[in-house]
Amino acid sequence: MNHEQKILHNPISTIAFNLYLGSQLILNHTWINNIFMFAFCLIIFSRMFFTERMYFNTFFTFNIAAIFFSYFIAISDYALMESTALKMVSTLILNFFVCLAIYNYLMTVENFNKSIKTYGKILFLYVVFIVFMSFENIFHMRLGSDIEFNVFNSTITYNSNTTAFIAGISYIIYLYIYNTTKKTNNLIYAFILAFIIILTGSRKGLILIAIATGLIVYFYNPQKKFRNLLVLLIIIQGLYLVVFNIPYIYNLVGYRMDALFDFLKGVDTREGSTLARGKFILLGWESFLNRPWTGYGLDCFRHLDTSSMKTYSHSNYIELSVSGGVPLLFFYYAYRFYIAYKLLKYRNSSLLAPLLLTVLLVMLLLEFGSVTYYERVQLIPFIFILVGYKRIINYKK
């Protein structure tokens, strides 16, 4: 670590980052979270000022382009509701600076692998917190959905799908640690996280387990094709037996998977969530075709018509297409797919690349069924991916 990095990275910045991360997970959208977020950014940007060194990435160029384009749409006649679009633009601007601070912090970390492990542990502790708070209803309701408490007049609730995503990222990290250390305790943590994901009742969580496990097994043992296929089949069969044959698990998530399969096969389903998502995606697609180059303004899907039910589209791809058409979709996803391509090239020459690639591919897949472009919890893993890729490139040089 050079002199500038030592100035930028010290115990204060590490503590500030961990406090911000913890508050982002547990106390999201509260003034406590905002205080830790601004304190972390202030520490990082002040040290950037004193060292006269800022780490930048092409990703942020695409981010700036997306913000300016979205602002133009918001103040033009294209936006269905200018105030709604501008409010989301302000959120994207805030996220830009937070992500830039996180990127600069992680770029100065001497042991990046240790930072990834610490990140996985913090996510695991969050999951433990959710289990503790939901323990009385753990087999009767979707994990975390029953939690509600007040912190200084701010009501705190938790989304089961978000909990599944957070547990899923931790799950992937522990699989990575196991494959690089062969320490059985990490595999045990991964199994615990997989079971907790099932308890969230999240269909995306189940898809994450199946896809991520298959990718990790393949990437870290590419020559053992028969064994990899066998392991994947065992995992899928195990998930099927647990989800569809244990009554209380079926009531949490099994019936929702049945509804999803029926929907994909074109069979009528009465499951409300699946019906609503299908309707929103169809509405978004039809609206996108009407304005493929401008869209209707950020977060304006909710203003399309009464059938949008004043909510979001439940698909990141559809949401961005409706918000800003092809240009916004390009600004958001072009660099993500580029990084996925580059990581795919390095998957056999770096132990870190398969982890980063797995997380990125899973995120890109799950975003077909969730809106994440403005959520910092979903942006943080991608910043880790950017820094990890940069370190792989620097090592190769």
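Residues numbered from 1 in each chain as written. Predicted model: local features only at pLDDT ≥ 70, side-chain atom pairs only at ≥ 80, totals over all residues. Heavy atoms only, no water.

## Notes on the overall build of the protein chain
Across its full length, the protein chain carries 15 helices and two strands. Rg of the C-alpha trace for the protein chain: 21 Å, near the compact-globule value of 21 Å for 397 residues, within the 12% margin. Summarising its shape, the C-alpha atoms of the protein chain cover approximately 60 × 60 × 45 Å along the three principal directions. Contacts in the protein chain between residues at least 24 apart in sequence constitute 73% of all its contacts with a sequence separation of at least 6. For the protein chain, the accessible area works out to roughly 18900 Å², and carbon and sulfur atoms hold 65% of it. The averaged location of the 18 negative side-chain charges in the protein chain is 15 Å from the averaged location of its 32 positive side-chain charges. (Helix = DSSP H or I, 4+ residues; strand = E, 2+ residues; numbered from the N terminus. Rg over C-alpha atoms; globule rule 2.2 N^0.38 Å. Contact = heavy atoms within 4.5 Å. Areas by Shrake-Rupley, 256 points an atom, 1.4 Å probe, with all protein chains shown as cover. Lys, Arg positive; Asp, Glu negative; His and termini not counted. Charge placed at Lys NZ, Arg CZ, Asp CG, Glu CD.)

## Here's the deal with the nonpolar core
Residues Phe40, Tyr171 and Leu343 are the most contacted members of the largest nonpolar core, which totals 122 residues. If you tally residues by element for this core, the top one is helix α5 (residues 82-107), at 13 residues. When near neighbours in sequence (up to four residues on either side) are disregarded, Leu343 contacts Ala353, Leu356, Leu357, Leu360, Ile385, Tyr389 and Ile392. Grouped together as the second largest cluster of nonpolar side chains are 11 residues, Ala79, Tyr296, Leu304 and Ile318 included. (Core = buried A, V, L, I, M, F, W, Y, C linked by side-chain atoms within 4.5 Å. Buried < 20%, exposed > 50% of the residue type's maximum accessible area, 1.4 Å probe, protein only.)

## Here we look at the pattern of salt bridges
Scanning the entire structure with this criterion turns up one salt bridge. Across the pair Arg302 and Asp299 runs a salt bridge, and its minimum N-O distance is 3.1 Å. Given a relative accessible area of 12%, Asp299 falls into the buried group. (Salt bridge = Lys/Arg side-chain N within 4 Å of Asp/Glu carboxyl O.)

## Looking at the packing of helix α2 (residues 11-26) against α5
Two elements in contact, α2 and α5, have axes separated by 11 Å at closest approach and are oriented at 135°. Comparing the axis directions of α2 and α5 gives the class oblique. α2 and α5 meet at a crossing whose hand is left-handed. Contact residues: α2 offers Ser13, Thr14, Phe17 and Tyr20, while α5 offers Val98, Ile102 and Tyr105. (Axes fitted to C-alpha atoms, helices over the stretch in contact; angles between N-to-C directions. Parallel < 35°, antiparallel > 145°, perpendicular 65-115°, else oblique. Left-handed = near helix turned anticlockwise from the far one by under 90°.)

## Side note on the packing of aromatic side chains
Following the criterion strictly, the structure yields 39 aromatic pairs and no others. Seen from the ring of Tyr55, Arg53 lies directly overhead, with NZ or CZ sitting 4.2 Å from the centre. (Phe/Tyr/Trp six-rings, centres within 6.5 Å; stacked < 30°, edge-to-face > 60°. Lys NZ or Arg CZ within 6 Å of the ring centre and 35° of its normal.)

## Observations regarding α2
Here α2 contains 16 residues, and its C-alpha end-to-end distance of 22 Å stays within 8% of the 22 Å for a straight helix at 1.5 Å per residue. Along α2, the residues classified as buried are Ser13, Ala16, Phe17, Tyr20, Leu21, Ser23, Gln24 and Leu25. (Expected span 1.5 Å × (residues − 1).)

## Brief notes about the side chain of Thr30
Locating Thr30 in the fold gives a position in the loop between α2 and α3 (31-51). When near neighbours in sequence (up to four residues on either side) are disregarded, Thr30 contacts Ser154 and Ile156.

## Thoughts on the confidence of the model for the protein chain
Close inspection of predicted coordinates is inappropriate in any region flagged by low pLDDT. In the predicted model, the protein chain carries a mean pLDDT of 90, and 94% of its residues have values of at least 70. Per-element confidence in the protein chain is highest for helix α4 (residues 58-75), whose mean pLDDT is 98, and lowest for helix α1 (residues 3-8), whose mean pLDDT is 50. (pLDDT = per-residue confidence, 0-100.)

## Regarding the environment of Leu229
For Leu229, the location among the structural elements is in helix α10 (residues 225-245). Take Leu229: its relative accessible area is 49%, and that puts it in the partly exposed class. On a C-alpha basis, the gap between Leu229 and Ile339 in space is 27 Å, while along the polypeptide they are 110 residues apart.

## Overview of the environment of Ser349
With respect to the helices, strands and loops of the structure, Ser349 is situated in the loop between α13 (316-346) and α14 (352-366). Classification of Ser349 as partly exposed rests on a relative accessible area of 40%. Ser349 sits 43 residues away from Ile392 along the chain, and the two C-alpha atoms are 9.3 Å apart.

## Some details on the pairing of strand β1 (residues 148-151)
Where β1 meets strand β2 (residues 154-157), four bridges bridge the pair, whose relative direction is antiparallel. Each residue of the ladder has a partner; that of Val151, found in β2, is Ser154. What sits between β1 and β2 in their antiparallel hairpin is a turn of two residues, with Phe152 showing a positive phi close to 50°. (Pairing = 2+ DSSP bridges.)

## Considering unusual backbone geometry
In this structure, His29 is a non-glycine residue whose phi angle is positive, near 65°. Mapped onto the secondary structure, His29 falls in the loop between α2 and α3. Its identity is not glycine, yet Lys182 carries a phi of approximately 60°, on the positive side. Along the chain, Lys182 falls in the loop between α7 (160-181) and α8 (184-199).

## A look at the side chain of Thr294
Following the sequence through the fold, Thr294 ends up in the loop between α12 (272-290) and α13. Assessed through its relative accessible area of 16%, Thr294 is described here as buried. Among residues more than four places away in sequence, those in contact with Thr294 are Ile73, Tyr78, Ser323, Gly324 and Gly325.

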